[in-house]
Amino acid sequence: ETGVTQTPRHLVMGMTNKKSLKCEQHLGHNAMYWYKQSAKKPLELMFVYSLEERVENNSVPSRFSPECPNSSHLFLHLHTLQPEDSALYLCASSQDRAGGSDTQYFGPGTRLTVL
Amino acid sequence: GQSLEQPSEVTAVEGAIVQINCTYQTSGFYGLSWYQQHDGGAPTFLSYNALDGLEETGRFSSFLSRSDSYGYLLLQELQMKDSASYFCAASLGGGSYIPTFGRGTSLIVHP
């Protein structure tokens, strides 16, 4: 247990569905992240929120929509996904400290399959 | 831009010592982290080097040379459970706290 939880752990959805991934951190951190990890590919940073403001958006398609209502919760809203979006979606949190190492604490991930 | 290079796969036998290298090119650099990820699991933090030299934590050690833009993770007394992917990640500092990850090295430990 890293103090970061994600639900659901597994999700199968059709291309026309709308679903949401949820992440919650219990570490008192002030930054939260969404990553995509596809087979045989490196971790791809999708979104970063610091103090509930989005500070990074790495050219992610608009069918992925993040939401950060407070510093402990992060959502990823999904709609009209494509089969190539099937991947492990990882949430992480860190304590943003200027000049610090900002160790990432990852959740267990949501394994998403798009049919 | 930023990039980190590490071998895609390393194999070793139980009880051996293995070194996983990481070279980086970044426009700014503050420190190098290492993460371990087992199949189906989440990456977990192993170590962090901000200064040159060796940091030791049990069977695992991590090294950094800032002048060479190079670091490595050293795993000693390998065990089967060490079979996993290992990622290096660069912290850019200078106000940016977002780490850049390497592609990962798959370590396979044989009996």
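Structure shown above.
Note that the structure is a prediction, hence the values are computed from the model and not measured. (Residues numbered from 1 in each chain as written. Chains lettered and ligands numbered in written order. Predicted model: local features only at pLDDT ≥ 70, side-chain atom pairs only at ≥ 80, totals over all residues. Heavy atoms only, no water.)

*Asks:* I'm lost on the pattern of salt bridges in this one. Help?
*Replies:* A side chain of one charge can pair with a side chain of the opposite charge when the charged atoms of the two come close. Enumeration over the complete set of coordinates arrives at two salt bridges over all chains. With a shortest N-O distance of 2.7 Å, Arg63(A) and Asp85(A) are connected by a salt bridge. Taken as a pair, Arg63(A) in the loop between β6 (53-57) and β7 (64-70) and Asp85(A) in the loop between β8 (73-79) and β9 (87-94) lie far apart in primary sequence, 22 residues in all. Each member of the pair, Arg63(A) as well as Asp85(A), carries the same accessibility label: buried. Taking the shortest distance from any N to any O, the salt bridge between Asp82(B) and Arg59(B) comes out at 2.8 Å. (Salt bridge = Lys/Arg side-chain N within 4 Å of Asp/Glu carboxyl O. Helix = DSSP H or I, 4+ residues; strand = E, 2+ residues; numbered from the N terminus. Buried < 20%, exposed > 50% of the residue type's maximum accessible area, 1.4 Å probe, protein only.)

*Asks:* Can you help me understand the sheet that holds strand β1 (residues 4-7) of chain A in this one?
*Replies:* The pairing of strands in a sheet comes from backbone hydrogen bonds and takes either a parallel or an antiparallel form. Residue and element names in this part refer to chain A. The strand order across the open sheet formed by four strands is β1-β3-β8-β7, and the pairing between neighbours is antiparallel. Single-partner strands in this sheet number two, and they are β1 and β7. Across the sheet, the mean angle separating the axes of adjacent strands is 20° when strand polarity is ignored. As defined by bridge partners, β7 adjoins β8 across five bridges and the pair is classed as antiparallel. Paired with Pro 66 across the strands is Leu 76, a residue of β8. (Pairing = 2+ DSSP bridges. Axes fitted to C-alpha atoms, helices over the stretch in contact; angles between N-to-C directions.)

*Asks:* Any chance you could explain unusual backbone geometry here in plain terms?
*Replies:* Note: most residues except glycine have negative phi, and most peptide bonds are trans. In this structure, the amide linkage connecting Thr7(A) to the following residue, Pro8(A), adopts the cis form with an omega of -10°. With respect to the secondary-structure elements, Pro8(A) resides in the loop between β1 and β2 (10-13). Its identity is not glycine, yet Ser69(B) carries a phi of approximately 50°, on the positive side. Tracing the chain through its elements places Ser69(B) in the loop between β7 (60-65) and β8 (70-75). Judged by relative accessible area, Ser69(B) falls into the partly exposed class, the value being 26%.

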